[in-house]
Amino acid sequence: RAVAGTLLLVFLLGDGCASEVPGFDAQRAFEDLVRQTEFGPRVPGTAAHRACADWLHERLADLADSAWRQPFMGRLHGVADSVPMINLVGRFRPQKERRVLLGAHWDTRPFADLDPDSAARTASFAGANDGASGIAVLLEIARALQATPPPVGVDLAFFDGEDAGAYGETTGLWIQGSRYFAAHLPADYAWVIVVDMVGDRDLRLLREGHSLRLAPDLVDRVWNTARRIGETAFLDYRGENIIDDHLPFLMRGIPAVDIIDFDFPYWHTTADTPDNCAPASLGSVGRVLLQMVYSE
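Residues numbered from 1 in each chain as written. Predicted model: local features only at pLDDT ≥ 70, side-chain atom pairs only at ≥ 80, totals over all residues. Heavy atoms only, no water.

**Q** Would you mind going over the pattern of salt bridges in detail, with residue names and values included?
**A** For the structure on display, the rule yields 17 salt bridges. The partner of Asp-62 in a salt bridge is Arg-59, and the shortest N-O contact between them spans 3.6 Å. Here Arg-59 and Asp-62 lie together in helix α3 (residues 47-63), a separation of 3 residues that amounts to about one turn. Where Asp-163 meets Arg-109, a salt bridge forms, and the shortest distance between an N and an O atom there is 3.9 Å. Pair noted here: Asp-163 is in the loop between β4 (153-159) and α5 (176-183) and Arg-109 is in the loop between β3 (99-105) and α4 (128-147), with a separation of 54 residues, a long-range link. (Salt bridge = Lys/Arg side-chain N within 4 Å of Asp/Glu carboxyl O. Helix = DSSP H or I, 4+ residues; strand = E, 2+ residues; numbered from the N terminus.)

Okay, here's the thing in structure tokens:
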């Protein structure tokens with residue numbers, strides 16, 4: 001009878017995979033947010049960008065079953081020459097055929113061109129929320145995936161060149177890293193979730209317009225999951241249509257959702273700093289992502 005019960009448990013849980021959803025350490029995630037900003041603005045082609053890439057790759061190599069760099073040449077708005085860019089990828093449970101992708105961008109915009117001080121608009125900025133927040137969430141997700149193997153294969157992608165475009169362009173020089181990644185897919189993903197600008201102290205997450213139009217079932221699943229576990233930052237209102245790293249996957253017919261608070265008052269300004277972000281916001285998003293992965 002005891003043996004039969006054990007066999008049933010193995011059958012229900014799969015090949016060594018625990019069913020319990022791991023916790024999310026929001027404070028540790030916030031420390032990763034701060035650490036990224038300490039490198040300086042992660043503008044492609046700069047020493048800070050290269051140093052942060054090395055640090056991120058080391059973190060993924062320590063945590064994931066495998067990790068690799070995906071280099072490509074990109075462009076910055078207003079700069080004639082191309083610059084080296086790099087996506088960073090970590091893979092968990094590589095033997096699993098069913099796979100999902102969690103993504104975020106790690107670069108910062110080359111200049112704070114929306115700063116209220118016109119003299120600051122040619123300066124670079126910390127990118128605490130716009131860039132570092134999404135990566136901080138995924139790094140903490142990586143720790144959870146290492147400690148508690150998920151029931152599905154998971155890839156984490158840190159996209160470069162997301163924030164290099166000109167306003168008004170439909171794609172142009174925006175989302176270069178995710179476009180490159182989607183053109184060289186390493187797996188057939190069941191779904192993709194992108195997180196961007198999720199550190200705002202006053203986090204308000206609307207249902208992004210392109211996601212809602214092209215992947216409504218996945219949007220419903222994410223927001224219903226948030227409601228079920230009591231994460232009140234996920235609001236049941238339609239948001240704007242946003243050019244972000246989920247679009248290249250939607251264009252390939254892969255269900256993809258962008259979790260983003262686009263109503264961030266310090267967007268593309270020198271005030272996008274850690275003091276305008278909060279661990280609680282990172283935790284809210286991280287817990288929903290873990291629920292999504294471990295409910296597969």
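**Q** Before we move on, can you summarise the environment of Ala-144 with the specific residues and values?
**A** Within the secondary structure, Ala-144 is located in helix α4. A C-alpha to C-alpha distance of 9.2 Å links Ala-144 and Asp-25, two positions 119 residues apart in sequence. Ala-144 has contacts with Pro-22, Gly-23, Leu-290 and Tyr-294, leaving out every residue within four places of it along the chain. (Contact = heavy atoms within 4.5 Å.)

**Q** I'd love a proper account of the side chain of Arg-93, names of residues and values included.
**A** By the secondary structure assignment, Arg-93 is in the loop between β2 (83-92) and β3. One polar contact links the side chain of Arg-93 to the main-chain carbonyl oxygen of Pro-150, over a distance of 2.8 Å. (Polar contact = N/O pair within 3.5 Å; in protein donor to acceptor, adjacent residues only side chain to side chain.)

**Q** Tell me about the packing of helix α2 (residues 26-38) against helix α9 (residues 279-294), and please be specific about residues and values.
**A** For any two helices packed against each other, one specifies the inter-axial angle together with the distance between the axes. Interaxial distance between α2 and α9 falls to 8 Å at its minimum, and their mutual angle equals 110°. Compared by their axis directions, α2 and α9 come out roughly perpendicular. The handedness of the crossing between α2 and α9 comes out as right-handed. Facing Ala-26, Gln-27, Ala-29, Phe-30 and Leu-33 of α2, the residues of α9 in contact are Pro-279, Leu-282 and Gly-283. In the contact of α2 with α9, the residues fall into 6 nonpolar, 2 polar and no charged. (Axes fitted to C-alpha atoms, helices over the stretch in contact; angles between N-to-C directions. Parallel < 35°, antiparallel > 145°, perpendicular 65-115°, else oblique. Left-handed = near helix turned anticlockwise from the far one by under 90°. Nonpolar A, V, L, I, M, F, W, Y, C, P; charged D, E, K, R; others polar.)

**Q** Break down the packing of aromatic side chains for me, citing the residues and quoting the values.
**A** Under the definition given, this model contains 11 aromatic pairs. Grouping aromatic residues by their ring pairs yields a cluster made of Phe-159, Phe-181, Tyr-189 and Phe-249. The side chain of Arg-35 reaches across the aromatic face of Trp-55, ending 5.8 Å from its centre. (Phe/Tyr/Trp six-rings, centres within 6.5 Å; stacked < 30°, edge-to-face > 60°. Lys NZ or Arg CZ within 6 Å of the ring centre and 35° of its normal.)

**Q** Quick rundown of the sheet that holds β4? Include the residues and the values.
**A** Adjacent strands of a sheet pair through backbone hydrogen bonds, lying either parallel or antiparallel. The strand order across the open sheet formed by 6 strands is β1-β2-β4-β3-β5-β8, and the pairing between neighbours is mixed. Of all strands in the sheet, those with a lone pairing partner are β1 (66-74) and β8 (256-260), marking the two edges. When strand polarity is set aside, the average angle formed by the axes of neighbouring strands in this sheet is 20°. Both strand β5 (residues 189-196) and β8 contribute to a ladder of 5 bridges, which runs parallel. Following the sheet pairing, Val-194 is matched in β8 by Asp-258. Its contacts with the sheet put helix α7 (residues 216-228) on β5 and β8, and the angle it makes with β8 is roughly 45°. (Pairing = 2+ DSSP bridges.)

**Q** Talk me through α7; I want residue IDs and the actual numbers.
**A** The terminal C-alpha atoms of α7 lie 18 Å apart, and with 13 residues this matches the ideal 18 Å at 1.5 Å per residue to within 8%. Every buried residue belonging to α7 is among Leu-218, Val-219, Val-222, Trp-223, Thr-225 and Ala-226, and all of these are buried. For α7, the angular spread of buried residues about the axis comes to 150°, placing them on one side. Away from its buried face, by an angle of more than 90 degrees, α7 presents the exposed residues Asp-217 and Arg-228. Just beyond α7, the residue with positive phi is Gly-230, at close to 80°. (Expected span 1.5 Å × (residues − 1). Buried < 20%, exposed > 50% of the residue type's maximum accessible area, 1.4 Å probe, protein only. Arc of directions from axis to C-beta.)

**Q** Talk me through the packing of α4 against α9; I want residue IDs and the actual numbers.
**A** The contact between α4 and α9 brings their axes to 10 Å, and the two run at 45°. Between α4 and α9, the angle is such that the two are oblique. Crossing handedness for the pair α4 and α9: right-handed. Touching Ser-133, Ala-136, Val-137, Leu-138, Ile-141, Ala-144 and Leu-145 of α4 are Leu-282, Val-285, Gly-286, Leu-289, Leu-290, Val-293 and Tyr-294, all from α9. For the contact of α4 with α9, the per-class residue count stands at 12 nonpolar, 2 polar and no charged.

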